[in-house]
Amino acid sequence: MQTTVVRVGTIYIPVQNVQGAVHWYENHLGASTNYQDHDKAIIDVANLSLFLVKAEEKQSANFVDCYGRERFSLTFEVDGEEALRSLHSELRDKGVQTSEVEDRGHPGVNFVFQDADGNLFDVWSELSPAY
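The text that follows walks through the structure, step by step, so that each part is easy to find. Worth saying up front: this structure is predicted, and the values here are computed from it rather than measured.

## Points about the nonpolar core
Here is step 1: Counting residues in hydrophobic clusters, the biggest one holds 28 residues, and the most contacted among them are Y25, L52 and F113.
Here is step 2: Secondary structure elements with two or more residues in this core: β1 (10-15), α1 (18-29), β3 (40-45), β4 (48-54), α2 (81-93), β8 (110-114) and β9 (120-124).
Here is step 3: In terms of residues, this core owes the most to one element, α1, which gives six residues.
Here is step 4: If we ignore the near neighbours within four places in the chain, the residues touching Y25 are I13, G30, A31, I43, L50, L52, D115 and F121.

Take a look at the structure:
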């Protein structure tokens, strides 16, 4: 018998202020909170759970690629370019730092935004096949 991974259940995101981060994700991405205490919270957004964990200063989920660019580690998907552009506008209207919408040479378009703690997230206009 071969066991396979079925889905991603929880992604851990470092934050400085748990209550502030919960508020940010609820107001900017429509997240709902399942659990919260002083140093952690579990929120649901985009059919997955994000575990917001109080971390040391200057921690983020970002990494630096081989060209020295700071990169995101998570891509959210929306259903089409119109939905992506709408989300891009909504986030900008709320004061969220976003990149420009860009064509990366594959189907769809993308943009990057950051949360209040500087964690970078990508948004893609294409939906992956259902698992």
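## Digging into the packing of aromatic side chains
Here is step 1: Enumeration according to the criterion identifies eight aromatic pairs in this entry.
Here is step 2: An angle of 15 degrees between the planes, with centres 4.7 Å apart, marks the rings of Y12 and F51 as stacked. Here Y12, found in strand β1, pairs with F51, found in strand β4; they are 39 residues apart in sequence, far enough to count as distant.
Here is step 3: Judged by its relative accessible area of 15%, F51 is buried.
Here is step 4: Each residue in the set W24, Y25, F76, F111, F113 and F121 is aromatic and connected to the rest through ring pairs, giving one cluster.
Here is step 5: The ring of F72 carries R71 above its face, with NZ or CZ at 5.4 Å from the centroid.

## What to know about the sheet that holds β8
Here is step 1: With mixed pairing, three strands are arranged side by side in an open sheet as β7-β9-β8. One side of each edge strand has no neighbouring strand; the edge strands of this open sheet are β7 (75-77) and β8. Each strand axis lies, on average, 30 degrees off the axis of its neighbour in the sheet, ignoring direction.
Here is step 2: Where β8 lies against β9, five bridges are found, and the strand directions are antiparallel. Bridge pairing in β9 places F111 opposite V123.
Here is step 3: Where α2 meets the sheet, it contacts β8 and β9, and its direction lies at approximately 25 degrees from that of β8.

What counts, and at which threshold
- Residues numbered from 1 in each chain as written.
- Predicted model: local features only at pLDDT ≥ 70, side-chain atom pairs only at ≥ 80, totals over all residues.
- Heavy atoms only, no water.
- Core = buried A, V, L, I, M, F, W, Y, C linked by side-chain atoms within 4.5 Å.
- Buried < 20%, exposed > 50% of the residue type's maximum accessible area, 1.4 Å probe, protein only.
- Helix = DSSP H or I, 4+ residues; strand = E, 2+ residues; numbered from the N terminus.
- Contact = heavy atoms within 4.5 Å.
- Phe/Tyr/Trp six-rings, centres within 6.5 Å; stacked < 30°, edge-to-face > 60°.
- Lys NZ or Arg CZ within 6 Å of the ring centre and 35° of its normal.
- Pairing = 2+ DSSP bridges.
- Axes fitted to C-alpha atoms, helices over the stretch in contact; angles between N-to-C directions.

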